[in-house]
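# Remarks on the overall topology
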Amino acid sequence: PRPDGRASAASHPRHRLATVPCLLTTRARTITALAVVLAAGLGSRRVDALPDLVEDHAGDALWATAVVLALSILWSRLRAHEAAMVGFGIAVVVEVSQLWKPGWLVDLRDNDLAALFLGRGFLWTDLPRYGVGCLLGYGVLTWVGRTARS
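These lines cover the structure that appears in this document, whether it is placed above or below. Note that this is a predicted model, so its numbers are computed, not measured.

## What to know about a nonpolar patch on the surface
On the surface, L42, L113, L116 and F117 cluster together into a nonpolar patch covering about 410 Å² of accessible area. Top contributing element to the nonpolar patch by residue count: helix 5 (residues 112-118), with 3 residues. Mapped onto the elements, L42 comes out in helix 1 (residues 13-46). For L42, a relative accessible area of 41% translates into the label partly exposed.

## So, the nonpolar core
Judged by nonpolar contacts, the single largest core of 22 residues is most densely connected at L69 and L141. Only helix 1, helix 2 (52-74), helix 3 (80-97) and helix 6 (126-144) provide two or more residues apiece to this core. With 9 residues, the top contributor of residues to this core is helix 2. Contact partners of L69, with chain neighbours within four places excluded, come to T30, A33, L34, V37, G137, V140 and L141.

## Regarding the layout of surface pockets
Of the volumes computed, that of the largest pocket is approximately 870 Å³. Along the wall of the largest pocket there are 31 residues; nearest its centre are R45, W63, A115, L116 and F117.

## A word on the environment of V86
Within the element layout of this structure, V86 appears in helix 3. Taking the relative accessible area as the measure of exposure, V86 reaches 39% and is therefore partly exposed.

## Points about the packing of aromatic side chains
Applying the stated criterion across every chain yields a total of 3 aromatic pairs. When the ring of W100 is compared with that of W104, the centres are 6.0 Å apart and the planes differ by 85 degrees; the resulting orientation is edge-to-face. Centroid distance F122 to W124: 5.1 Å. Interplanar angle 85 degrees. Geometry classified as edge-to-face.

## Describing the pattern of salt bridges
One side chain can pair with another of opposite charge once the charged atoms of both are near each other. Enumeration over the complete set of coordinates arrives at 3 salt bridges. The partner of R120 in a salt bridge is D112, with the nearest N and O atoms 2.7 Å apart. The class of R120 is partly exposed, set by a relative accessible area of 46%.

Thresholds, definitions, all that
Counting restarts for each chain, with residues numbered from 1 along the sequence as it is written. Only residues with pLDDT of 70 or above have their local features reported here, since the model is predicted, and side-chain atom pairs are shown and tallied only from 80 upward, although totals for entire chains, interfaces and linings are computed over all residues. Side-chain measures were taken over the full set of non-hydrogen atoms in the model, leaving aside hydrogen atoms and water. A patch is a set of surface residues, each over 30% in relative accessible area and not in a salt bridge, joined within 9 Å for like charges and within 5 Å for the nonpolar side chains Val, Leu, Ile, Met, Phe, Trp and Tyr. Here the Shrake-Rupley method, with its probe set to 1.4 Å, supplies the accessible areas, and only the displayed protein chains count as covering residues. Salt bridges are defined as contacts in which a side-chain nitrogen from Lys or Arg sits within 4 Å of a carboxyl oxygen from Asp or Glu. Put simply, DSSP marks the helices as runs of H or I at least four residues long and the strands as runs of E at least two long, and each gets a number from the N terminus on. Only protein chains enter the accessibility calculation, which uses a 1.4 Å probe; a residue is then buried when its area is under 20% of its type maximum, exposed when over 50%, and partly exposed in between. Residues belong to one nonpolar core when they are buried, are Ala, Val, Leu, Ile, Met, Phe, Trp, Tyr or Cys, and are joined through side-chain atoms within 4.5 Å. Residue contacts are defined here by distance: any two heavy atoms, one from each residue, within 4.5 Å place the two residues in contact. Points on a 1 Å grid, built from protein atoms alone, make a cavity when a 1.4 Å probe fits but cannot get out and make a pocket when they are open with protein on both sides within 12 Å along at least 5 of 7 lines; residues with an atom within 4 Å of a point are the lining residues. Grid points are joined across faces, edges and corners, and a volume is the space filled by probe spheres set on the points. Note on aromatic contacts: the rings of Phe and Tyr and the six-membered ring of Trp form a pair at centre separations within 6.5 Å, being stacked when their planes are under 30 degrees apart, edge-to-face when over 60 apart, and tilted otherwise.

So this is what it looks like as structure tokens:
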């Protein structure tokens, strides 16, 4: 209620329900963007006709972008910059974890599907790629309308 005791227009049930389709549309756009990013990331690893710059860097950057978008889908209350920062933290932890090589984890990383999530070997050069990917994820989330808490 406002100071004069009357209810604000935003607290009226009709206005609260009006925001639900917008949230669903934003989530649907984020899911669509994630699907495009996943396809592009997998494609960048499989297509040989791409320029060397794209072949060398796009997969890691798009992996980080996918992490940011997935975080935003799973926790819709995250702001775009929060999802990007948490996504970068996850990317760094996954990359640094590649320095740890117990036998069972090496065997797990030999599986192609697991390697997509866990990686295979530590490279310092992956960290800037993840940074670029998280910035790209931030840009995508801003573009689809994920700037404010839902």
